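Residues per chain, in single letters:
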Amino acid sequence: MPLIKDGKGVWIYVTVLPNGKRHSINTRTTDEATAKSLFASASAEPGMTDVPTLGQALEKWLAYKTSCSQSKFTIHHQRAYVKAWLEAMSLDQKAPQEIQVEDVNAWVNDTSKAKASSRLVRRSAVASFLQWCVFSGYCRANVARLVPVNFSQLSHAQKETKVMQVFTDGEINRMLEKLLPDDPQVQPPSNAWWSFAVTFGRWSGLRLSDIALLEWDCFAKPGKFAVWTEKTNTRVELPMNEQMQIALARAHQPVSHMGYVWPGSAAPIAANPERRPMLSVWFSRVCDAVNIVGKSFHSLRHTYCTDCDNRGVPIEHISRNVGHASTRMTEHYVHTGRIERTLLV
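Keep in mind the model is a prediction, meaning the values are calculated, not measured. (Residues numbered from 1 in each chain as written. Predicted model: local features only at pLDDT ≥ 70, side-chain atom pairs only at ≥ 80, totals over all residues. Heavy atoms only, no water.)

Peer 1: I'm lost on the nonpolar core in this one. Help?
Peer 2: Nonpolar side chains in soluble globular proteins tend to be buried together. The biggest cluster of nonpolar side chains holds 53 residues, and the ones touching the most others in it are M175, W193, W194, F196, F200 and L214. The element that contributes the greatest number of residues to this core is helix α8 (residues 191-204), accounting for six residues. Not counting the four nearest positions on each side in its chain, F200 is found in contact with G205, L206, I211, L214, F219, F225, M240, M244, A247 and L248. In this structure, A57, W85, C139 and L154 belong to the second largest nonpolar core, which totals 32 residues. (Core = buried A, V, L, I, M, F, W, Y, C linked by side-chain atoms within 4.5 Å. Buried < 20%, exposed > 50% of the residue type's maximum accessible area, 1.4 Å probe, protein only. Helix = DSSP H or I, 4+ residues; strand = E, 2+ residues; numbered from the N terminus. Contact = heavy atoms within 4.5 Å.)

Okay, structure coming up:
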């Protein structure tokens with residue numbers, strides 16, 4: 001099937017799957033030569049093109065995802081899952097067309113204590129990789145699509161999702177009091193950074209990485225700020241309350257190139273997928289310093305959503321503010337009020 005242009009001039013590759021159904025994949029480029037180079041082998045039949053090993057195909061897949069400007073952190077995680085699968089099942093030197101359903105099933109539904117949510121992510125990563133192999137002509141079918149998570153073999157605890165706890169105002173105040181700029185540093189990068197991050201996390205619901213990668217240009221509009229979230233590439237615009245304005249004023253002053261707000265500390269750490277987890281580790285130690293147990297930085301996102309709900313903000317507005325694709329996801333972030341109202345109906 002040919003490459004075709006959509007209404008915005010972006011090239012779309014259309015192929016026919018083994019079941020006869022048409023499937024399209026967005027090349028995310030308006031340049032025809034680039035689109036053709038990405039899928040030069042996608043129309044080839046297995047056996048009629050140079051088929052790499054799965055280990056080699058993994059590197060090609062990662063190069064493709066990088067060329068499509070997907071989140072470096074998402075690519076890093078998916079690579080880790082697929083690589084773990086190849087190593088666990090000794091598949092690195094096999095060709096994609098040799099993969100059987102059991103090669104995926106044995107890893108997704110192993111006898112470990114992994115939770116159902118983790119198994120779903122495992123399957124999703126492998127399915128994404130094998131689907132690309134199909135499009136590239138390395139195999140005929142994506143066998144991962146035939147592998148469901150076997151819930152019947154899982155315990156109740158494995159099926160349950162983790163319940164995220166929200167922060168109380170008292171806990172947030174304790175953290176901010178501990179993070180005064182002139183006091184001894186609690187955790188890297190600095191007290192000033194963590195005070196800024198906690199304030200923006202509480203009043204905007206932004207993820208830790210998005211706060212670390214904020215640029216001065218995000219604050220171009222008076223009383224507001226806008227950010228393109230890294231995970232979903234979604235634009236979010238929010239008002240600046242007094243606490244956020246004070247936190248921003250205490251940050252380093254903008255420089256001529258108007259780059260990151262925290263260029264020498266949090267930004268380079270967040271931009272590196274291998275170093276980024278350290279920010280979460282350091283935040284857990286900030287919590288330990290003020291005797292807060294069982295909460296992570298992501299709990300601030302839940303705190304923001306719950307607070308908005310308690311103040312009567314429509315769920316559609318909350319969902320838009322935090323960059324969720326649907327209100328169904330946002331409902332998982334609301335921990336009080338809405339649940340009780342639902343039960344009373």
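Peer 1: Would you mind going over unusual backbone geometry with me for this structure?
Peer 2: With an omega dihedral of 0°, the bond running from P188 to P189 counts as a cis peptide bond. Here the phi dihedral of S90 falls at roughly 55°; this positive angle occurs in a residue that is not glycine. The topology assignment puts S90 in the loop between α3 (72-88) and α4 (101-108). In this model, N233 sits at a positive phi of 55°, which is unusual for a non-glycine residue. With respect to the element layout, N233 can be found in the loop between β4 (224-228) and β5 (235-239).

Peer 1: It is not clear to me how the pairing of β5 should be interpreted in this structure. Could you clarify?
Peer 2: A regular strand places its side chains on the two faces of the sheet in alternate fashion. Burial of β5 is one-sided: the residues V236 and L238 facing one way are buried, the residues R235, E237 and P239 facing the other way are not. Pairing of β4 with β5, which is carried by five bridges, proceeds in the antiparallel orientation. By the bridge assignment for β5, V227 is matched with V236. (Pairing = 2+ DSSP bridges.)

Peer 1: Even after reading the chapter, I still don't get the pattern of salt bridges, so can you show me in this structure?
Peer 2: Where charged atoms from two side chains of opposite charge approach closely, those side chains can pair. Scanning the model with the defined rule gives eleven salt bridges in all. D307 serves as the salt-bridge partner of R311, at 3.0 Å between the closest nitrogen and oxygen. Among the charged side chains, a network of salt bridges with common partners joins K221, K224, R235 and E237. (Salt bridge = Lys/Arg side-chain N within 4 Å of Asp/Glu carboxyl O.)

Peer 1: What am I meant to see in helix α10 (residues 242-250) here?
Peer 2: Among all positions in α10, only M244, A247 and L248 are buried. The arc enclosing the buried residues of α10, seen along the axis, measures out at 100°, which places them on a common side. In this structure, α10 carries E242, A249 and R250 as exposed residues pointing more than 90 degrees from its buried face. On its buried side, α10 packs onto α8, β4 and β5. The opening residue of α10 is N241, an N-cap whose side-chain oxygen sits 3.2 Å from the backbone nitrogen of Q243. (Arc of directions from axis to C-beta. Polar contact = N/O pair within 3.5 Å; in protein donor to acceptor, adjacent residues only side chain to side chain.)

Peer 1: Help me out: how do you make sense of the environment of A247 in this one?
Peer 2: With respect to the helices and strands, A247 occurs in helix α10. Note on A247: relative accessible area 10%, which makes it buried. Sequence separation of A247 and T199 is 48 residues, and the distance between their C-alpha atoms is 7.1 Å. If we ignore the near neighbours within four places in the chain, the residues touching A247 are F196, T199 and F200.

Peer 1: Please clarify how the layout of surface pockets should be interpreted in this entry.
Peer 2: Where empty space is left in the structure can be found by rolling a water-sized probe over the atoms. Estimates place the volume of the largest pocket at around 2,100 Å³. Every residue lining the largest pocket is counted, 47 residues in all, and those nearest its centre are M164, R207, K231, H298 and Y333. Of all elements in the fold, only α3, α5 (116-135), α9 (208-212), α12 (277-289), α13 (298-310), α15 (327-331) and α16 (338-344) reach the threshold of two or more residues within the lining of the largest pocket. Ranked by the residues each element gives to the lining of the largest pocket, the list is headed by α5, at six residues. Here the lining of the largest pocket is composed, by residue class, of 16 nonpolar, 21 polar and ten charged. Within this model, the second largest pocket holds a volume of roughly 610 Å³. The wall of the second largest pocket is formed by 24 residues, among which S69, T229, E230, K231 and N233 lie closest to the centre. Elements supplying a minimum of two residues to the lining of the second largest pocket: α3 and β4. Residues that form the lining of the second largest pocket fall into these classes: eight nonpolar, eight polar and eight charged. (1 Å grid on protein atoms, 1.4 Å probe; cavity = no way out; pocket = protein on both sides within 12 Å on 5 of 7 lines; lining within 4 Å. Points joined across faces, edges and corners; volume = space filled by probe spheres on them. Nonpolar A, V, L, I, M, F, W, Y, C, P; charged D, E, K, R; others polar.)

Peer 1: Honestly, the packing of α8 against α10 in this entry has me stumped. Any pointers?
Peer 2: The description of two packed helices rests on the angle between their axes and on the distance between the axes. α10 packs onto α8 with a crossing angle of 155° between their chain directions and a minimal axis gap of 9 Å. Looking at the two axes, α8 sits roughly antiparallel to α10. Where α8 crosses over α10, the handedness of that crossing is left-handed. Contacts between α8 and α10 involve F196, T199, F200, W203 and S204 on the former and, on the latter, Q243, M244, A247 and L248. A per-class count over the contact of α8 with α10 returns six nonpolar, three polar and no charged. (Axes fitted to C-alpha atoms, helices over the stretch in contact; angles between N-to-C directions. Parallel < 35°, antiparallel > 145°, perpendicular 65-115°, else oblique. Left-handed = near helix turned anticlockwise from the far one by under 90°.)

Purely geometric numbers; function is a separate question.
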